[in-house]
Amino acid sequence: MKLGILGLPNVGKSTLFNSLTKAGAESANYPFCTIDPNVGVVAVPDERLKLLGDMYQSKKVTPAVIEFVDIAGLVKGASKGEGLGNQFLSNIREVDAVVHVVRCFEDANVVHVDGCVDPLRDIETINLELIFSDIEILERRIAKTGKAARMDKSLAKEAALLEALKAHLEDGKLARSFVTEDEDELALLNSYNLLTYKPVIFAANVGEDDLADDGAENAGVKAVREFAAENGSEVFVICAQIEQEISELDEEEKAMFLEDLGLTESGLEKLIKASYHLLGLHSFLTAGEDETRAWTIKIGTKAPQAAGKIHTDFERGFIKAEVVNYKDLLEQGSLAAAREKGLVGMEGKDYVVKDGDVILFRFNV
């Protein structure tokens, strides 16, 4: 999974990025790296992996990972080259979802680019820049498709879609509110990589005092939640400054620190939960002496396609999947014991993989 982090300058975006990627480094036995100054790979915390890895005494435990892409703060006119402009917007066109950091805290020492804190105005500023950027992409596509459509009538449908989509954006609307049930058009929409077509998770960045009640009394957070509900987006409340402090601690200290703050989970855990929910994802597991590993798939994925996540040969030569729930496996202490109790199912091609399934694939190529 790849998530792009964006927002105005001075909203806590880079603080959040730095703390999330640092937290991922500290909390996971995973050989990850920072690919370049604004890309970081974070291991998804998953207690099931540790328990299974201990049970099998696995040589290697490999978590699922999320890649975070942090771009420079956007300002009004970014799509026209103001600030650092469009050169950075192109970096997040390939992401699965956007994490939009919104400032919901007052601090006289941190200057707001528009003079005062107003989360909805800030969201609108960013959305307009993304709309302008998407229009530019569509205009280039229209110019190319328009010429080709004169020679190839099969492209006329796409040309009409592009024009309708451009008009929709010019009306100040986001691409994801464009309605079509035509499967060909939906496939084209997905292929354009429009920023305003991507799912959004709002990170409402609050002061420490608003963290314990999850921003319930913060007017800015309330406004962001209402906006998100109307637009099919997720919201999580975070204090980027606190996240930075958490990222410096080991697991035991982190648990005590969160407890002192009246919290049950870190911002990273909140974000992962929100992103998995928004994108309709969950994980199945493979376990053994060599490696215990988590694999992220779409909810509703069938066994052969899940096998294909591991290797294309597994999908091509799929025969059966030997499936046990991770809790049952841990309780029994071994796959053989779980089999004896009738807790292991031999599943075929139509089996829909569930979250927490531990699977051994049988295949032949």
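For clarity, every value in this text was computed on a predicted model and none was experimentally measured. (Residues numbered from 1 in each chain as written. Predicted model: local features only at pLDDT ≥ 70, side-chain atom pairs only at ≥ 80, totals over all residues. Heavy atoms only, no water.)

### Examining the packing of aromatic side chains
Link 1 in the chain: Applying the stated rule across the entire model yields five aromatic pairs.
Link 2 in the chain: Both rings, one in Phe284 and one in Trp295, keep their centres 6.4 Å apart while their planes meet at 15°; by these two values the pair is stacked. Taken together, the residues Phe284 in strand β9 (residues 281-286) and Trp295 in strand β10 (residues 291-298) connect sequence positions eleven residues apart.
Link 3 in the chain: Judged by relative accessible area, Phe284 falls into the buried class, the value being 0%.
Link 4 in the chain: In this structure Trp295 comes out as buried when scored by relative accessible area, which is 11%.
Link 5 in the chain: Taking the centre distance of 6.4 Å and the plane angle of 65° together, the rings of Phe318 and Phe361 count as edge-to-face. Of this pair, Phe318 sits in strand β11 (residues 318-325) while Phe361 sits in strand β13 (residues 357-363); the two residues are 43 residues apart in sequence, bridging distant segments of the chain. For the residue pair Phe318 and Phe361, the accessibility class agrees, reading buried in each case.
Link 6 in the chain: Aromatic rings pair up to connect Phe284, Trp295, Phe318 and Phe361 into one cluster. (Phe/Tyr/Trp six-rings, centres within 6.5 Å; stacked < 30°, edge-to-face > 60°. Helix = DSSP H or I, 4+ residues; strand = E, 2+ residues; numbered from the N terminus. Buried < 20%, exposed > 50% of the residue type's maximum accessible area, 1.4 Å probe, protein only.)

### Points about the confidence of the model for the protein
Link 1 in the chain: Of the residues in the protein, 89% have a pLDDT of 70 or more, and the chain-wide mean is 86.
Link 2 in the chain: Every residue in residues 23-37 scores below 50 in pLDDT, and together they form 24 contacts with partners more than four places removed in sequence or on other chains. (pLDDT = per-residue confidence, 0-100. Contact = heavy atoms within 4.5 Å.)

### Topic: the nonpolar core
Link 1 in the chain: Counting residues in each nonpolar core, the largest one holds 70 residues, and the members touching the most others are Phe68 and Leu271.
Link 2 in the chain: Setting aside residues no more than four positions away along its own chain, Leu271 makes contact with Leu3, Leu20, Phe68, Val99, Ile201 and Phe236.
Link 3 in the chain: Listed in part, the 15 residues of the second largest apolar core include Ile142, Ala175, Leu188 and Tyr192. (Core = buried A, V, L, I, M, F, W, Y, C linked by side-chain atoms within 4.5 Å.)

### Concerning helix α5 (residues 156-170)
Link 1 in the chain: Taking 1.5 Å per residue, 15 residues should reach 21 Å; α5 reaches 21 Å between its end C-alpha atoms and fits that length.
Link 2 in the chain: When α5 is considered as a whole, its buried residues turn out to be Glu158, Leu161, Leu162, Leu165, Lys166, His168 and Leu169. The arc that holds every buried residue of α5, seen down its axis, measures 155°, which confines them to one face.
Link 3 in the chain: The elements touched by buried residues of α5 are α4 (119-151) and α6 (183-191).
Link 4 in the chain: In the stretch just after α5, Gly172 is the one whose phi turns positive, near 85°. (Expected span 1.5 Å × (residues − 1). Arc of directions from axis to C-beta.)

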